[in-house]
Amino acid sequence: MRIRRIGAAGALVASGALVLSACATPTQSAIEEDTRLTVGWNQPFYSYNESTSNGNATANAVIKYLTVGSFQYYNDVPELVKDESYGTIEKLSDDPLTVKYTIAEDTQWSDEVPVDAADLLLQWVADSAVYNEGEVEYDEETGAIIEHENLYFDAAAIGGGLSNVTEVPEVGDDGKSITLVYDAPFVDWEIALAAPTVPAHVVAQKALDIEDAEEAKEALITAIQDGDTETLKPIADIWNSAFDFTDLPDDPSLYLASGPYVISELSADDAYITLTANENYTGDLEPKVETITVRYNEDPMAQVQALQNGELDIINPQATADVITALEGVDGVTVSTGVEATYEHLDLTYNNGGPFDPATYGGDEEKARLVRQAFLLAIPRQEVIDKIIKPLNPDAEIRNSQTRVPGSPGYDDIVASNGSDMYAEVDIEGAKALLAEAGVTTPIDVTMLYGKSNARRAAEYQLFAESVGDAGFNLIDGGDDNWGSLLGSGTYDVALFGWQSTSLGISESAANFRSDGGNNLTGYSSEKVDALYDELEATFDEEEQLRILGDVEKELWADGYGVTIFQFPGVVANRDTVSGVKNGVLSPSVFWNFWEWDPSESAVQESEEG
């Protein structure tokens, strides 16, 4: 699934700690030699740059979390925890808001090139979109950006807080820091700039045909500081697409690591990726396991079977009643359940010439809105809860907020007045009345995109098709196992998938609903919503923040943007041969504390036996 990544790693002040020199040989004393763990996951890795709109997916983020360091991470509370062995973030001033990012002296990429200001500047110039020109198109099959003439960093964070940093950040501390000065206050400044996701020296070497790493970085820094768009164009092109791959590239510079692990094997055909301890990692999050292999299978029952057979050590499958029952019958396995930060929802498409696009009706916004509302009135959300989710969580309820998690501060107040009550129950007659008011001919064809092999979503599709069919819609099965790359392609009219939060930022949802948001996959555009997010990002009073989010939601529900359905029930299971496994609420879920995973002696023996 795609995830929101505004300023968060995989969704992150004092400095002066004693550090090793950049040339020091890192120790790996925590690693238990010859140990390996195998983890089951549902969606294959496909991009090493999860900061692009194409790579912005949980499938990529969970792997990058293992391989690329960060200033901070979220634990399982969730709380934001600093990792000053990677670097520090320090607010220098409130007026103007000034924030300094400093990379620790010995933090380096796995080729021993230091992580420094060049890497930070590249992340800023991409996420801020300060030099972007015009628009770009995307391949309908892959979701990747199509070759274009203009300068464009295709970042998922476009439209986020870094758009308020329009002046080039100052480089300091002998090239180890940059300082951002905001044009306006930004409430989520602490998580605004992600740690560098790909190495600047590699991007510049490939884009500018420069062999020396330091020379390449200097050329990149100069181009950014001078606003040299001619030089930045090939840099953006490399950043956008060079790091997309599904098999291990021959060029190891395309998967350099600054974190505890580095990719050693990757096979699309055999559906696995293997990561090995990074010999040049110098941080504090030293893992105990030498090798981690992630095997991909979207069938949760197949993962359970593999766990039982000893082929997998840890799984975090999509929870179903059958999965829970099956896991309860497996010996030597620890199972934990809970509720995740991921939520299921339906989004309608506004810009594909389909039934929900005003252009279909000669630009008649009101007619398109009535059709959208009619469709959503026929979505049986409660039936989904009762038949699919309550067997896993008897207390499950419909999620009625587009921006807040049930139980979080402000959720109840926002839901009470956001207009979601219009869709509280299926209303077939009401839907028919709206279509009659719109003056449209039925049946109306609607293509729905979802994960074809996902049993839960296939079941939801069947429930939806029957209900909306009664209202006058013909729901066409657009299920596709390549659904993630098709999001935003315009090849469907409604998408069923899940958003997984990467942070607790109050403005995180802006990426989805702003007209230019990096996660705006629907074509939705509202001047009112854009203005409300501008206000929210400069508002530090909590009550006012919730009031603004409530106003955003009133617009979304009235416009027939889509409907939220439920919070994901979560399940994690691990063989008793490994300890320290804990599910995380936010992305990267079960991987959040991989350095605490501790294989027992039996895991060592199994590894030695092959």
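Residues numbered from 1 in each chain as written. Predicted model: local features only at pLDDT ≥ 70, side-chain atom pairs only at ≥ 80, totals over all residues. Heavy atoms only, no water.

**Points about the overall build of the chain**
1) Next: Looking only at helices and strands, the chain features 17 helices and 18 strands.
2) Next: In terms of C-alpha radius of gyration, the chain reaches 24 Å, essentially the compact-globule figure of 25 Å for 610 residues.
3) Next: Judged by the C-alpha coordinates and their principal axes, the chain covers about 75 × 60 × 45 Å.
4) Next: Per-residue burial over the chain gives 60% buried out of 610 residues.
5) Next: Mean positive and mean negative side-chain charge positions of the chain (32 and 110 charges, respectively) differ by 6 Å. (Helix = DSSP H or I, 4+ residues; strand = E, 2+ residues; numbered from the N terminus. Rg over C-alpha atoms; globule rule 2.2 N^0.38 Å. Buried < 20%, exposed > 50% of the residue type's maximum accessible area, 1.4 Å probe, protein only. Lys, Arg positive; Asp, Glu negative; His and termini not counted. Charge placed at Lys NZ, Arg CZ, Asp CG, Glu CD.)

**Section: the sheet that holds strand β16 (residues 562-575)**
1) Next: Ordered by their spatial adjacency, 10 strands build an open sheet running β8-β9-β10-β1-β11-β16-β12-β15-β13-β14, and the pairing between neighbours is mixed. The open sheet terminates on both sides in strands that have one partner only, identified here as β8 (261-267) and β14 (473-477).
2) Next: Bridge analysis of strand β12 (residues 333-348) against strand β15 (residues 494-499) gives 6 bridges, and the strand direction is antiparallel. The residue bridging L348 from the neighbouring strand is V494, located in β15. (Pairing = 2+ DSSP bridges.)

**Quick word on the packing of helix α6 (residues 300-308) against helix α7 (residues 321-328)**
1) Next: Where α6 contacts α7, the axes come no closer than 9 Å and their chain directions differ by 10°. Classified by the interaxial angle, the pair formed by α6 and α7 is roughly parallel. Across the interface between the two elements, P300, M301, V304 and L307 of α6 pack against D322, V323, A326 and L327 of α7.
2) Next: A class-by-class count of the residues in the contact of α6 with α7 yields 7 nonpolar, no polar and 1 charged. (Axes fitted to C-alpha atoms, helices over the stretch in contact; angles between N-to-C directions. Parallel < 35°, antiparallel > 145°, perpendicular 65-115°, else oblique. Contact = heavy atoms within 4.5 Å. Nonpolar A, V, L, I, M, F, W, Y, C, P; charged D, E, K, R; others polar.)

**Remarks on the pairing of strand β9 (residues 272-277)**
1) Next: With 5 of 6 residues buried, β9 lies mostly within the body of the structure.
2) Next: The sheet contact formed by β8 and β9 spans 6 bridges and is antiparallel. What sits directly across from Y261, in β9, is A277.
3) Next: Count of turn residues in the β8/β9 antiparallel hairpin: 4 residues, of which A271 carries a positive phi of about 55°.
4) Next: Alignment of β9 against strand β10 (residues 289-296), held across 5 bridges, turns out to be antiparallel. Across the sheet, the residue bridging to L275 is I292, located in β10.

**A closer look at the nonpolar core**
1) Next: Grouped together as the largest cluster of nonpolar side chains are 92 residues, with contacts concentrated most on Y182, V294, F591 and W597.
2) Next: Setting aside residues up to four positions removed in sequence, Y182 forms contacts with P96, L97, V99, G161, L162, N164, V165, W189 and A192.
3) Next: Grouped together as the second largest cluster of nonpolar side chains are 44 residues, I444, L463, F464 and A471 included. (Core = buried A, V, L, I, M, F, W, Y, C linked by side-chain atoms within 4.5 Å.)

**Examining the pattern of salt bridges**
1) Next: One pass over the full model with this rule turns up 21 salt bridges.
2) Next: D116 is paired through a salt bridge with K217; the nearest N and O atoms lie 2.7 Å apart. Residue D116 is found in the loop between β5 (97-103) and α2 (117-128), and its partner K217 is found in helix α4 (residues 213-226); the two are separated by 101 residues along the sequence. Both residues of the pair, D116 and K217, belong to the buried class. (Salt bridge = Lys/Arg side-chain N within 4 Å of Asp/Glu carboxyl O.)

**Brief notes about the packing of aromatic side chains**
1) Next: Counted by the stated rule, this structure contains 24 aromatic pairs.
2) Next: Arranged with centres 5.2 Å apart and planes meeting at 90°, the rings of F71 and Y86 form a pair that is edge-to-face. Of this pair, F71 sits in the loop between α1 (58-67) and β2 (72-74) while Y86 sits in the loop between β3 (80-82) and β4 (87-94), placing them 15 residues apart in sequence. Side by side, F71 and Y86 carry an identical accessibility label, which is buried. (Phe/Tyr/Trp six-rings, centres within 6.5 Å; stacked < 30°, edge-to-face > 60°.)

No statement about biological role is implied by the geometric values presented.
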